[in-house]
Amino acid sequence: NKESFHRYVESTIFSTIKNYNMIPKNKKIGIGFSGGKDSTLLVLVISKLKMKIKGLKIFAYTLEGWGLEHKNTFSYPKKITKELKIQHKIIMQRDIEKIFNLNTTFQSFFRYLNESKEIKRNEKTLVLAQMQRRAVEYFAEKDKIKALFFGLNKEDLMSEIILTYTTGHKSSSLPVRGVGSFTY
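What counts as what
- Residues numbered from 1 in each chain as written.
- Predicted model: local features only at pLDDT ≥ 70, side-chain atom pairs only at ≥ 80, totals over all residues.
- Heavy atoms only, no water.
- Helix = DSSP H or I, 4+ residues; strand = E, 2+ residues; numbered from the N terminus.
- Buried < 20%, exposed > 50% of the residue type's maximum accessible area, 1.4 Å probe, protein only.
- Contact = heavy atoms within 4.5 Å.
- Areas by Shrake-Rupley, 256 points an atom, 1.4 Å probe, with all protein chains shown as cover.
- Pairing = 2+ DSSP bridges.
- Axes fitted to C-alpha atoms, helices over the stretch in contact; angles between N-to-C directions.
- Parallel < 35°, antiparallel > 145°, perpendicular 65-115°, else oblique.
- Left-handed = near helix turned anticlockwise from the far one by under 90°.
- Nonpolar A, V, L, I, M, F, W, Y, C, P; charged D, E, K, R; others polar.
- Salt bridge = Lys/Arg side-chain N within 4 Å of Asp/Glu carboxyl O.

Asker: With reference to specific residues and values, describe the overall build of the chain.
Answerer: When helices and strands are tallied, the chain shows eight helices and six strands. Each helix and strand of the chain, placed in order from N terminus to C terminus, yields the pattern α-β-α-α-β-α-β-α-α-α-β-α-β-β. Across the 184 residues in the chain, those meeting the buried criterion constitute 39%. A separation of at least 24 residues holds for 74% of the contacts in the chain among residues at least 6 apart in sequence. For the chain, the computed accessible surface area is about 11400 Å², with 54% contributed by carbon and sulfur atoms.

Asker: I'd like to hear about the pairing of strand E2 (residues 57-63), residue by residue, with values.
Answerer: Judged by how many residues are buried, E2 sits mostly within the fold: six of seven residues are covered. Relative to E2, strand E1 (residues 28-32) is paired through five bridges, and the arrangement is parallel. Residue pairing for E2: Ile29 is matched across the bridge by Ile58.

Asker: Account for the packing of helix H6 (residues 106-115) against helix H7 (residues 121-142), naming residues and giving values.
Answerer: At a minimum axis distance of 10 Å, the contact between H6 and H7 shows a crossing angle of 155°. Relative to H7, the element H6 is oriented roughly antiparallel. Of the two elements, H6 crosses H7, and the hand of that crossing is left-handed. Where H6 abuts H7, its residues Phe106, Phe109, Phe110, Leu113 and Asn114 lie against Lys124, Val127, Leu128 and Met131. Class assignment of the residues belonging to the contact of H6 with H7 gives a composition of seven nonpolar, one polar and one charged.

Asker: Tell me about the pattern of salt bridges, and please be specific about residues and values.
Answerer: Taken as a whole and assessed by the stated rule, the structure comprises seven salt bridges. One salt bridge in this structure joins Glu10 and Lys48, with 2.5 Å as the shortest N-O distance. Here the residue Glu10 occupies a position in helix H1 (residues 2-19), and Lys48 occupies one in the loop between helix H2 (37-47) and helix H3 (49-52), the gap between them amounting to 38 residues. Among the ionic pairs, Glu137 bridges to Arg134, the shortest N-O distance being 3.2 Å. Taken together, the residues span about one helical turn, with Glu137 and Arg134 both in helix H7 at a distance of three residues.

Asker: Can you tell me about unusual backbone geometry, naming the residues and giving the values?
Answerer: Although it is not a glycine, Asn21 sits at a positive phi angle of roughly 45°. With respect to the helices, strands and loops of the structure, Asn21 is situated in the loop between H1 and E1. One non-glycine residue, Lys85, lies in positive phi territory at about 55°. Position of Lys85 relative to the elements: it lies in the loop between helix H4 (71-84) and strand E3 (87-91). Under the relative-accessibility criterion, Lys85 is labelled exposed at 71%.

That's the geometry; what it means functionally is another story.
Structural data, given as structure tokens:
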């Protein structure tokens, strides 16, 4: 049933965080939060950790200017983080231009990438996902965050959770990896 599945998703995320010691000593974690289904799930579930871990500080990072914002969708992260009392930072286009030392506006770069016939679709997706990750890392470093959570590959994440839930086969935990000084 629906409630059982919700509990299963939460327990899978919680056990992964616990098993991989993903809460650093300074108890600061960050979440890439677009307001989409996958990142909203992460924010809602991970925010429940505040009740379990005294002193936990959660930061949510939203990127402006990816050409995907709908006025209501973009305001959703602000609303949710306010309700959950999570610190929310919006990374502006000018920040992205500075981080990547772009010699054009981010919108021009984004448009070029999307319209380019020479760049394959999966390569475009990879470039944008890496840019998102690096932009969040840039601000997370300033906030002294060592653990970051993203919902960028929801197909892999949710297919693993659903497969395990529906078949009853135990899987390992969710994918965890280290990149530089961060744990994901």
